Amino acid sequence: MPSSVMPTSSREGGRRSPAAISVQGLRKSYGEKTVLDGIDLHIPEGTVFALLGPNGAGKTTTVEILATLVRADDGRASVGGHDLAADPAGVRSVIGVTGQFAAVDELLTVQENLILMADLHHLGREEGRRRAAELLDRFELTEAAAQPGTALSGGMRRKADLAMTLMGDPRVIFLDEPTTGLDPRSRRTMWEIIRRLVDDQGVTILLTTQYLDEADELADRIAVLDGGKLVAEGTAEELKRRIPGGHIRVRFAEPEQLAAAVQVFEVAEADQESLTLHVPSDGSLPMLRSVIDLLDAASIEAAELSVHTPDLDDVFLALTGSSRRQADATTQLENVR
Amino acid sequence: MSTLALTMTDSATMLRRNLKRAIRYPSLTFSVLLMPIMMLLLFNYAFGNTLGTGITAMGGIGDVEYIDYVAPGIILMTATSGAVATAISVCLDMTQGIVKRFRTMSVSRAAILAGHVVGSVIQTMIGLVLVVGVALAIGFRPNANALEWLAAFGLLGFVTLALTWISAAMGLVAKTPESASNTPLPLTFMPFLGSAIVPADSMPSAMRWFTEYQPFTPMIETLRGLLLGTEIGNSGLISVAWCLALTVAGYVWARVAFARVTRQ
């Protein structure tokens, strides 16, 4: 078997980057219910890819299939150059998985959990201890090393879980909702850790999340998954640009100034209460400049000016809204059953 | 390393994990010991007099004390009691995220089960030694020599191995720890319906048929023979055959159940 990575043309048709994860037409259903309805993914090496979607969109199923836990009904996939169907053992040798529910042995201490991983990766005594100490230090878990899993806080447990995943030095890491249920501070810490992983070690990460800010913060590319289908894919910026709603917001000190400005901008919407004017905009610099120029030309003084681009929340709601009714209907049907 | 060597290494790692877990969570181990020790005390101090007199009147056990008659059967019950604990711990483990983690790693699949089974056998064997100790402390006086003791523990180990594989399978097919603790319960009653407490001859004829042909009766008779010098006859051979058959059946069942649980 050639171990070289299968080249897959990227959608932009530009530079071809080797894919760490490549997926075509992945399908999975449980009984009547279709969980994945033909997923295609191309994730270049050394990047973070976020699968974004509401609960039940198929995020976890995608990860379980790619991590060899669940067999797909149809479709092809390769992870780290290993074909998922033909060589699952090869896939297992390059991946690390941190699941939605932390997989730490609760009766063992953090240190023992790490050594367990070292033993299962056949690292040898010395190397196992060295790597465990290094990870404990890096994740600030050294003080908790002798505590059993049951005694850990949510944030520490996630860190311990990720540390266990890293003991095997995986090239491809699956993070299934790594910060769900964490307090804001622990979330920040996890983000920090995840970012450093990519920067320092060049690993590839497939992240699933239902938090838009998390995808925005961490991912190079984002795919929005809804009802088992990818409804959009791109960088955070590309996704934001895809939907309307951007505008330039101009606030005035006096009602007269607002009235004068309304005369200048025909397409704008005025809010008398807050003395603001919303001028539709794509957020580009020339557009911004022309707004300022028009105000200057009419000698209208503005108190404040800000540019509002749609955030991922707008994108998310716009993209997943269409199938929402369908999903609601499905839920209803399930409840009847 | 070869596949076999890897399986052995991983099994040893899993065994270490299971033994550590047993030490950290000793209540399950204690519950294994509780049943046989309570039985020993109950049948020696509370029922012993009446049962002993009754059996002697039937000419059942000659001039042996009742504790000597009942101890081998109750020692064997430690193995059935251990089976319940095995089913619970296997079921609990399968519902934990860590087994999912093992399955995403290059870990030998057989090692996950092997670690459990070997760990449980060791745990139960330690329990057996303790129960024998309690029996000796309250008046059990076997006349076995070293070789006979060795053979007795050999038989107990084989019985434990057979029951552990079967209960591991029960733990794998159980959906909840509660049902995992219920499924092996019939096993714990089997010695009562064997010759553990009273001789098979003393039972009603319909029950006697079951008693004579169920696996625990020859096992108890062999143990009694080894420890007290009573007649063994062909019970030894039948016991070994039963153990072998139950081990193979339990092993196959467990492997099939494990494959089914882990393939979705």
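Cut-offs applied
Residues numbered from 1 in each chain as written. Chains lettered and ligands numbered in written order. Predicted model: local features only at pLDDT ≥ 70, side-chain atom pairs only at ≥ 80, totals over all residues. Heavy atoms only, no water. Helix = DSSP H or I, 4+ residues; strand = E, 2+ residues; numbered from the N terminus. Expected span 1.5 Å × (residues − 1). Buried < 20%, exposed > 50% of the residue type's maximum accessible area, 1.4 Å probe, protein only. Arc of directions from axis to C-beta. Contact = heavy atoms within 4.5 Å. Pairing = 2+ DSSP bridges. Core = buried A, V, L, I, M, F, W, Y, C linked by side-chain atoms within 4.5 Å. Salt bridge = Lys/Arg side-chain N within 4 Å of Asp/Glu carboxyl O.

(A) Spotlight on helix α6 (residues 184-201) of chain A. Residues and elements named next belong to chain A. With 18 residues, α6 extends 26 Å from end C-alpha to end C-alpha; this agrees with the ideal 26 Å at 1.5 Å per step. Of all the positions in α6, only S186, R187, M190, W191, I193, I194, L197 and V198 are classed as buried. Down the axis of α6, the buried side of the element spans an arc of 165°, and every buried residue falls inside it. Residues of α6 that are exposed and point more than 90 degrees away from the buried face comprise P184, R185, R188, D199 and D200. Summarising the contacts, the buried residues of α6 are in contact with β3 (48-52), α4 (125-138), α5 (154-166), β7 (172-176), β8 (204-209) and α7 (212-218). Just past α6, the residue G202 takes up positive phi, approximately 65°.

(B) Structural context of the pairing of strand β13 (residues 276-280) of chain A. Residue and element names in this part refer to chain A. Across five bridges, strand β11 (residues 247-251) lies against β13 in antiparallel orientation. Counterpart to R249 in the pairing with β13 is H278. Two strands pair when backbone bridges link them, and strand β12 (residues 269-271) and β13 are joined in this way by three bridges, in the antiparallel orientation. Considered in β13, the bridge of A270 is made with L277. Between β12 and the antiparallel strand that follows it, β13, lie four residues; L275 among them carries a positive phi value of about 55°.

(C) Examining the nonpolar core more closely. Counting residues in each nonpolar core, the largest one holds 68 residues, and the members touching the most others are M117(A), L120(A), F139(A), I205(A), I222(A) and F102(B). The contact partners of F102(B), leaving out residues within four places of it in the chain, are L116(A), M117(A), L120(A), M14(B), R17(B), V107(B), R109(B) and I112(B). Membership of the second largest hydrophobic core comes to 44 residues, among which are M77(B), L156(B), L163(B) and L227(B).

(D) Summary view of the pattern of salt bridges. For the structure shown, the criterion picks out 24 salt bridges over all chains. Put simply, D37(A) and R27(A) hold a salt bridge, and the shortest N to O gap is 2.7 Å. In this pair, D37(A) sits in strand β2 (residues 33-44) while R27(A) sits in strand β1 (residues 19-30), placing the two residues ten residues apart along the sequence. Take D37(A): its relative accessible area is 27%, and that puts it in the partly exposed class. Take R27(A): its relative accessible area is 37%, and that puts it in the partly exposed class. One salt bridge connects R16(B) with D119(A), and the closest N-O pair in it is separated by 3.1 Å. With R16(B) in helix α1 (residues 3-24) and D119(A) in helix α3 (residues 110-120), this residue pair bridges two chains. Within the structure, one salt-bridge network assembled from shared partners comprises D105(A), R17(B), R21(B) and D93(B).

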